[in-house]
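Each chain, letter by letter, is given below.
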Amino acid sequence: MSNGDSASDQAGGSKKGKPRALSAPKGVPDYVPPESGGFLAVRGAVLEAAERAGYGYIELPIFEDTTLYARGVGESTDVVSKEMYTFADRGDRSVTLRPEGTAGVVRAVIEHGLDRGQLPVKLRYAGPFFRYERPQAGRYRQLQQAGIEAIGVDDPALDAEVIAIADEAFKRLGLTGYRLDLTSLGDAESRLPYREKLQAFLAGLDLDEATRERASINPLRVLDDKRPEVQAQLSEAPLMLDNLSEAASAHFAEVREHLDAMGVAYTINPRLVRGLDYYTKTTFEFVHEGLGAQSGIGGGGRYDGLMEQLGGQSLSGIGFGIGVDRTLLALRAEGVDPGPASRVDVFAVALGAEARAAIVPLLSRLRDAGLRVDMAYGNRGMKGSFKAADRSGAAHTLVLGEQELADGTVVLKDMSAGTQKSIPLPDVMGELTAR
Ligand code: HAM
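Residues numbered from 1 in each chain as written. Predicted model: local features only at pLDDT ≥ 70, side-chain atom pairs only at ≥ 80, totals over all residues. Heavy atoms only, no water.

A. Spatial organisation of the overall build of the protein chain. If you tally the helices and strands in the protein chain, you get 16 helices and 20 strands. For the protein chain, buried positions account for 49% of its 435 residues. Residue pairs in contact within the protein chain that sit at least 24 positions apart in sequence constitute 68% of those at least 6 positions apart. Accessible surface, the protein chain: about 21000 Å² in total, of which carbon and sulfur atoms supply 51%. For the protein chain, the separation between the mean place of its 50 positive charges and that of its 61 negative charges on side chains is 7 Å. (Helix = DSSP H or I, 4+ residues; strand = E, 2+ residues; numbered from the N terminus. Buried < 20%, exposed > 50% of the residue type's maximum accessible area, 1.4 Å probe, protein only. Contact = heavy atoms within 4.5 Å. Areas by Shrake-Rupley, 256 points an atom, 1.4 Å probe, with all protein chains shown as cover. Lys, Arg positive; Asp, Glu negative; His and termini not counted. Charge placed at Lys NZ, Arg CZ, Asp CG, Glu CD.)

B. Molecular detail of the sheet that holds strand S8 (residues 94-97). Read from one edge of the open sheet, 3 strands run S6-S8-S7, paired in antiparallel fashion. Edge positions in the open sheet fall to strand S6 (63-65) and strand S7 (86-88), since each of these has one partner strand only. Each strand axis lies, on average, 35° off the axis of its neighbour in the sheet, ignoring direction. Strand direction decides the pairing type here: S7 and S8, joined by 3 bridges, are antiparallel. Residue pairing for S8: Ala 88 is matched across the bridge by Ser 94. (Pairing = 2+ DSSP bridges. Axes fitted to C-alpha atoms, helices over the stretch in contact; angles between N-to-C directions.)

C. Broad picture of a negative patch on the surface. Taken together, the side chains of Asp 155, Glu 254, Glu 257 and Asp 260 make up a negatively charged region of the molecular surface. Mapped onto the elements, Glu 257 comes out in helix H10 (residues 246-262). (Patch = residues over 30% accessible without salt bridge, like charges linked within 9 Å, V, L, I, M, F, W, Y side chains within 5 Å. Salt bridge = Lys/Arg side-chain N within 4 Å of Asp/Glu carboxyl O.)

D. Spotlight on the domain arrangement of the protein chain. Segmentation of the protein chain into domains returns domain 1 (36-187 + 244-333) and domain 2 (346-434). Using C-alpha coordinates to define each centre, domain 1 is positioned 47 Å away from domain 2. (Domains from an automatic or database assignment.)

E. Region of interest: the packing of aromatic side chains. Counted under the stated rule, the structure contains 9 aromatic pairs. Ring geometry for Tyr 85 and Tyr 132: centres 5.7 Å apart, planes at 75°, overall edge-to-face. A residue pair is termed long-range when its members are at least 10 positions apart, and Tyr 85 in the loop between helix H3 (78-82) and S7 and Tyr 132 in the loop between strand S9 (121-130) and strand S10 (142-151) qualify at 47 residues. Accessibility expressed as a relative area gives 27% for Tyr 85, which makes it partly exposed. (Phe/Tyr/Trp six-rings, centres within 6.5 Å; stacked < 30°, edge-to-face > 60°.)

F. Quick peek at the environment of Ala 353. Tracing the sequence through the fold places Ala 353 in helix H13 (residues 353-368). Taking the C-alpha atoms as reference points, Ala 353 and Glu 402, separated by 49 residues in sequence, lie 9.7 Å from one another.

G. The arrangement of the packing of helix H5 (residues 156-173) against H10 in detail. The N-to-C vectors of H5 and H10 enclose an angle of 45°; their axes lie 8 Å apart at closest approach. As judged from the angle between their axes, H5 and H10 are oblique. As H5 runs across H10, the sense of the crossing is right-handed. On the side of H5, the interface is formed by Pro 156, Ala 157, Asp 159, Ala 160, Glu 161, Ile 163 and Ala 164, while H10 contributes His 251, Glu 254, Val 255, His 258, Leu 259 and Met 262. Across the contact of H5 with H10, the residue classes tally to 8 nonpolar, 2 polar and 3 charged. (Parallel < 35°, antiparallel > 145°, perpendicular 65-115°, else oblique. Left-handed = near helix turned anticlockwise from the far one by under 90°. Nonpolar A, V, L, I, M, F, W, Y, C, P; charged D, E, K, R; others polar.)

Given below as structure tokens:
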């Protein structure tokens, strides 16, 4: 990932009439080869794990009415109050670049009546999201997530499935140094009395005005305050997990049983606070130790009230968003490259116009057979062509020169073994697909 960072470039000024090269906006990464292969692998691992559990694909709009996020994500969150890319369009409607995916999925489920069919509605999605955060390693203004949502059934087995899908995706990618933090934020019955209890506790602390206000709007948020002087006062704070209703407690116990049975390891973290307001009951975050401050590689949880808040039926949902950027960084920190080892399987070198004419249709047939094939284009000569073959990373090189053309053969080089052999042209396909 490269990260554009220059306001001056935006002026697009030029010296001596030559336009200056531009950079991407600050905090907006590009994904270019070869690293982009890893990007696709991470995104694919999450989407495929979800597909194996029956999650259908949803492609969401990149921008929505601003009201969706104000209502869905919560006005007291940093995401909504400080980080949204909100602007008036030419028709003077307030629109916002999506900061997250859950609100959009729930909106679409309601709009298309998906919740009137078979439940749960299971959906998977991926793409860019936008948050005006201070860019740093692992924190971008355009970030990439792959996520799922399962809406309409409040079954602890479904919570466990959602968590297990994320865990499986990380494992398949070869990631090991992560931890799953798990807690329950309670149901409606647990939350009101707990909220009062927590507010009473916070009222006795030495807090600044802004924090007091936060305590009155969303006291849970105060538990997430990173300042040491605030944290020092919170050691005795009442915890949601100790104040669950009987139903919420039973739900959480069953989720843990399912996770145990599936062998998904977790750590109970009663102080886990998520950055979005819609969470209830099971809530979780995947944390990677190798990432420093931006250690959350994915997170999610149940959201009991969201559907109704957005004008739909009163149905519960649960889901997660995996940070594709951070997962890639985590893999890199562990020395794992999840991308393909090379961009092609076979590289062809044709020497002379006639050889080229003969090889072009062969390459097309090899591609039809599912091989990734490239060739040396342009008149590079022998040396340049073999250099290109080397650089391509292909496991095999096909060489067709004048002699081979006359014999009706082709030379097949095994690039890693350094061996080569001459084979009849009609046998190339069989030989390569067999390898
Ligand atoms: P979130 O925790 O805000 O949850 O984001 C999910 C993941 O996106 C984070 O764990 C992190 O890996 C990544 N992420 C967030 N912000 C940034 C950033 N500025 N730069 C790089 N990566 C970032 C949600 O968005 C929820 N919609 C997840 C969910 C789905 N909950 C229920 N269903």
